[in-house]
Amino acid sequence: MSEFAPICIYLVISLLVSLIPLGIPFPFSSNTSTYPEKLSAYECGFDPFGDARSRFDIRFYLVSILFIILDPEVTFFFPWAVPLNKIDPFGSWSMMAFLLILTIGFLYEWKRGASDRE
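Worth saying up front: this structure is predicted, and the values here are computed from it rather than measured.

1. So, the overall build of the protein chain
In step 1: Across its full length, the protein chain holds 6 helices and 0 strands.
In step 2: Taking all 118 residues of the protein chain together, the buried fraction comes to 7%.
In step 3: With an accessible surface of roughly 11200 Å², the protein chain has 71% of that area assigned to carbon and sulfur atoms.

2. A look at the packing of aromatic side chains
In step 1: For the coordinates displayed, the defined rule picks out 1 aromatic pair.
In step 2: On the basis of an interplanar angle of 40° and a centroid distance of 6.0 Å, the ring pair of Phe106 and Trp110 is categorised as tilted. You can see Phe106 and its partner Trp110 sitting in helix 6 (residues 89–112), 4 residues apart, about one turn around the helix.
In step 3: Classification of Trp110 as exposed rests on a relative accessible area of 55%.

3. Section: a nonpolar patch on the surface
In step 1: A cluster of nonpolar side chains, namely Phe56, Ile58, Phe60, Tyr61, Ile65 and Ile69, defines an oily patch on the protein surface of about 680 Å² accessible area.
In step 2: In this fold, Phe56 is placed in the loop between helix 3 (36–39) and helix 4 (58–70).

4. Details of the confidence of the model for the protein chain
In step 1: Summarising the model, the protein chain shows a mean pLDDT of 79, and 78% of its residues fall at 70 or more.
In step 2: Per-residue pLDDT, averaged within each element of the protein chain, yields its smallest value for helix 3 (67) and its largest for helix 1 (residues 5–23) (93).

5. Some remarks on the packing of helix 5 (residues 73–81) against helix 6
In step 1: Put simply, helix 5 and helix 6 touch, their axes get as near as 12 Å, and they point 160° apart. Classed by the angle they form, the pair helix 5 and helix 6 counts as roughly antiparallel. The handedness of the crossing between helix 5 and helix 6 is left-handed. For the pair helix 5 and helix 6, the contacting residues are Glu73, Phe76, Phe77 and Trp80 in the first and Gly91, Ser92, Met95, Met96, Phe98, Leu99 and Leu102 in the second.
In step 2: Residue composition of the contact of helix 5 with helix 6, by class: 8 nonpolar, 2 polar and 1 charged.

About the cut-offs
Residues numbered from 1 in each chain as written. Predicted model: local features only at pLDDT ≥ 70, side-chain atom pairs only at ≥ 80, totals over all residues. Heavy atoms only, no water. Helix = DSSP H or I, 4+ residues; strand = E, 2+ residues; numbered from the N terminus. Buried < 20%, exposed > 50% of the residue type's maximum accessible area, 1.4 Å probe, protein only. Areas by Shrake-Rupley, 256 points an atom, 1.4 Å probe, with all protein chains shown as cover. Phe/Tyr/Trp six-rings, centres within 6.5 Å; stacked < 30°, edge-to-face > 60°. Patch = residues over 30% accessible without salt bridge, like charges linked within 9 Å, V, L, I, M, F, W, Y side chains within 5 Å. Salt bridge = Lys/Arg side-chain N within 4 Å of Asp/Glu carboxyl O. pLDDT = per-residue confidence, 0-100. Axes fitted to C-alpha atoms, helices over the stretch in contact; angles between N-to-C directions. Parallel < 35°, antiparallel > 145°, perpendicular 65-115°, else oblique. Left-handed = near helix turned anticlockwise from the far one by under 90°. Contact = heavy atoms within 4.5 Å. Nonpolar A, V, L, I, M, F, W, Y, C, P; charged D, E, K, R; others polar.

Here's what the structure looks like:
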């Protein structure tokens, strides 16, 4: 157990360093002095027109999800492409398998019409 003591100390210190700044503002804040103007809706200086909870087109969420899924491959391509002449056949074939899975996902998304604008 003594070999894990530095790790436990590090965890406690990191928790304190992250939680103390989150808790510092609470003793200094007060909700009693809020003005009604601060609680009112603000829309470019005008009274709001329309409902703020209107329906939002799902395609915008789909584009963001596809970006989140298909964008991190750049982080996988970079370490593979930098020492390209030093990679053994296993590394090359594993990257080709990754590219194949990525291409299949892209073709599926393209066939389903997820990126089509209507």
